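# Inside the fold
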Amino acid sequence: MAEWPYNTRNWQRLRLAKLAENPLCHACELRGRIAPAVAVDHVKAIKAGGDPFPSFDGLMSLCERCHNEKTNAVDRPDRAASGRRFKGFDVHGNPIDPGDDWHGGGA
Ligand SMILES: [Zn+2]
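The following paragraphs examine the structure supplied in this document. (Residues numbered from 1 in each chain as written. Predicted model: local features only at pLDDT ≥ 70, side-chain atom pairs only at ≥ 80, totals over all residues. Heavy atoms only, no water.)

## Things to note about the coordination of the zinc ion
Protein-derived ligands of the zinc ion are Cys25 (SG), Cys28 (SG), Cys63 (SG) and Cys66 (SG), with the metal-ligand distances lying across 2.2 to 2.3 Å. For the zinc ion, the single-chain donor residues occur in sequence as C-x2-C-x34-C-x2-C. (Donors = N, O, S within 2.8 Å, 3.2 Å for Na, K, Ca; no water.)

Dropping the structure here:
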């Protein structure tokens, strides 16, 4: 089911290490929420030229909801070009665009 690199031992190890380092959802944290992370996602998609096995800086922990929403919004070929991916927030802690509907537009 899982595709490369997610089916590799390297990725499994990296994922667990990232979750141990950042056990909370990154996106929720930026929004002032606490949610346990269950998934690790690439900040820069592999298909966009990202490193499959980046350092922690190139990864982010996400809770199930955020991961699903991100996956639905981004990892689809017909939407990949929209650039909506992580519009409004970045790894440097800049505010998330309040108009971004990535989280369903709530709050
Ligand atoms: Zn989340």
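## Points about the packing of aromatic side chains
Inspection of the entire model under this criterion finds two aromatic pairs. Their ring planes at 85 degrees and their centres at 6.2 Å tell us that tryptophan 4 and phenylalanine 53 sit as a pair that is edge-to-face. Pair noted here: tryptophan 4 is in the segment before helix H1 (9–21) and phenylalanine 53 is in the loop between strand E1 (39–42) and strand E2 (59–62), with a separation of 49 residues, a long-range link. The interplanar angle of 90 degrees and the centroid separation of 5.1 Å between the aromatic rings of tyrosine 6 and tryptophan 11 together place this pair among those described as edge-to-face. With a relative accessible area of 33%, tyrosine 6 lands in the partly exposed category. (Phe/Tyr/Trp six-rings, centres within 6.5 Å; stacked < 30°, edge-to-face > 60°. Helix = DSSP H or I, 4+ residues; strand = E, 2+ residues; numbered from the N terminus. Buried < 20%, exposed > 50% of the residue type's maximum accessible area, 1.4 Å probe, protein only.)

## Overview of unusual backbone geometry
With an omega dihedral of 0 degrees, the bond running from tryptophan 4 to proline 5 counts as a cis peptide bond. Counting through the fold element by element, proline 5 comes out in the segment before H1.

## Re the nonpolar core
In terms of nonpolar packing, the biggest core is built from eight residues, these being Cys25, Ala27, Cys28, Ala35, Met60, Leu62, Cys63 and Cys66. Of all the elements in the fold, those that place two or more residues in this core are helix H2 (26–30) and E2. Of all hydrophobic cores here, the second largest spans six residues; its members include Trp11, Leu14, Leu19 and Leu59. (Core = buried A, V, L, I, M, F, W, Y, C linked by side-chain atoms within 4.5 Å.)

## Describing the pairing of E2
What you see with E2 is no split at all: Leu59 and Ser61 on one side and Met60 and Leu62 on the other are buried throughout. Examined bridge by bridge, E1 and E2 share four bridges and lie antiparallel to one another. Across the sheet, alanine 39 pairs through a bridge with leucine 62, a residue of E2. (Pairing = 2+ DSSP bridges.)

## Section: H1
Under the 1.5 Å per step criterion, the end-to-end length of H1 is 18 Å for 13 residues, consistent within 8% with the ideal 18 Å. Restricting attention to buried positions, one finds in H1 the residues Trp11, Leu14, Lys18 and Leu19. Looking straight down H1, one finds that the buried residues subtend no more than 130 degrees of arc, so they occupy a single side. Pointing more than 90 degrees away from the buried face of H1 are the exposed residues Arg9, Arg13, Leu16 and Ala20. (Expected span 1.5 Å × (residues − 1). Arc of directions from axis to C-beta.)

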